[in-house]
Amino acid sequence: MSLHVSTVTLLVAVGLWLVATVATLAIAAAIVVRLPPTYFSEDSATHAVRVGSWRSPRHLARNALGVVLVAVGLVMSIPGIPGQGLLTVLIGLMLVAFPGRRRLEKALVRQSGVLAAMNRIRARFGHPPLLPPAD
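Thresholds, definitions, all that
Residues numbered from 1 in each chain as written. Predicted model: local features only at pLDDT ≥ 70, side-chain atom pairs only at ≥ 80, totals over all residues. Heavy atoms only, no water. Helix = DSSP H or I, 4+ residues; strand = E, 2+ residues; numbered from the N terminus. Buried < 20%, exposed > 50% of the residue type's maximum accessible area, 1.4 Å probe, protein only. Contact = heavy atoms within 4.5 Å. Areas by Shrake-Rupley, 256 points an atom, 1.4 Å probe, with all protein chains shown as cover. Salt bridge = Lys/Arg side-chain N within 4 Å of Asp/Glu carboxyl O. Patch = residues over 30% accessible without salt bridge, like charges linked within 9 Å, V, L, I, M, F, W, Y side chains within 5 Å. Core = buried A, V, L, I, M, F, W, Y, C linked by side-chain atoms within 4.5 Å. Lys, Arg positive; Asp, Glu negative; His and termini not counted.

A. Focus on the overall build of the protein chain. Within the protein chain one finds 6 helices and 0 strands. Each helix (α) and strand (β) of the protein chain, taken in turn from the N terminus, gives the series α-α-α-α-α-α. Looking at the protein chain as a whole, 33% of its 135 residues are labelled buried. A separation threshold of at least 6 residues defines the contact pool for the protein chain, and within that pool the share at least 24 residues apart is 62%. Of the roughly 8,300 Å² of accessible surface on the protein chain, 72% is carried by carbon and sulfur atoms.

B. The pattern of salt bridges, seen in detail. Tallied over the full model, the rule gives 2 salt bridges. R102 serves as the salt-bridge partner of E105, at 3.3 Å between the closest nitrogen and oxygen. Here the residue E105 and the residue R102 both occupy positions in helix α5 (residues 101-109), the gap between them amounting to 3 residues, near one helical turn. As far as burial versus exposure is concerned, E105 and R102 are alike and both buried. Here the salt bridges share partners, and the residues they tie into one network are R101, R102 and E105.

C. Focus on a nonpolar patch on the surface. On the surface, L10, V14, W17, L18, V22, V75, I78 and I81 cluster together to form a nonpolar patch covering roughly 700 Å² of accessible area. Broken down by element, the residue count for the nonpolar patch peaks at 5 residues, all from helix α1 (residues 2-34). Note that L18 resides in helix α1. Its relative accessible area of 46% is what places L18 among the partly exposed residues.

D. Geometry of the nonpolar core. Formed by 22 residues in total, the largest nonpolar core has its most connected members in F40, L90, I91, M94, V109 and M118. Elements supplying a minimum of two residues to this core: α1, α3 (57-76), α4 (85-95), α5 and α6 (114-124). Here the element with the most residues in this core is α4; it accounts for 7 residues. If we skip the residues at most four places from it in the chain, F40 touches L90, M94, R102, E105, K106, V109, L115, M118, L130, L131, P133 and A134.

E. Seen up close, the side chain of K106. By the element assignment, K106 lies in helix α5. Within the buried set, K106 has no salt-bridge partner at all; the shortest N-O distance to an opposite charge, 7.7 Å, is to E105. With near-sequence residues (within four places) excluded, K106 lies in contact with F40, E42 and P133.

Here it is in structure tokens:
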């Protein structure tokens, strides 16, 4: 009897993990595809004008989603847990408004393979590649 409960618990845990991983990747892909190609290369003033006010309900919802994605990405960054952890953290950080966010985004996208992974996602959906950050 105990073995059966353990098996059911394991199957439920694997199912939840699978759903969470698929949902996270779908959200991350949707956000990466919607970014303008100049997102990382534009200067701070241009970016601030394009993003707009942070006090609207839309931006509050973006912040909440961003926090969730950062948390999930940090978990996926733990060795042995599958998923695109660093990419998910980057996507989450793009949604959360805080001082120094642009510098952190640019530093993360300069990490090996991150920009290439984002551009593979964009190419799969027929979008032009993101330009690398300007120095």
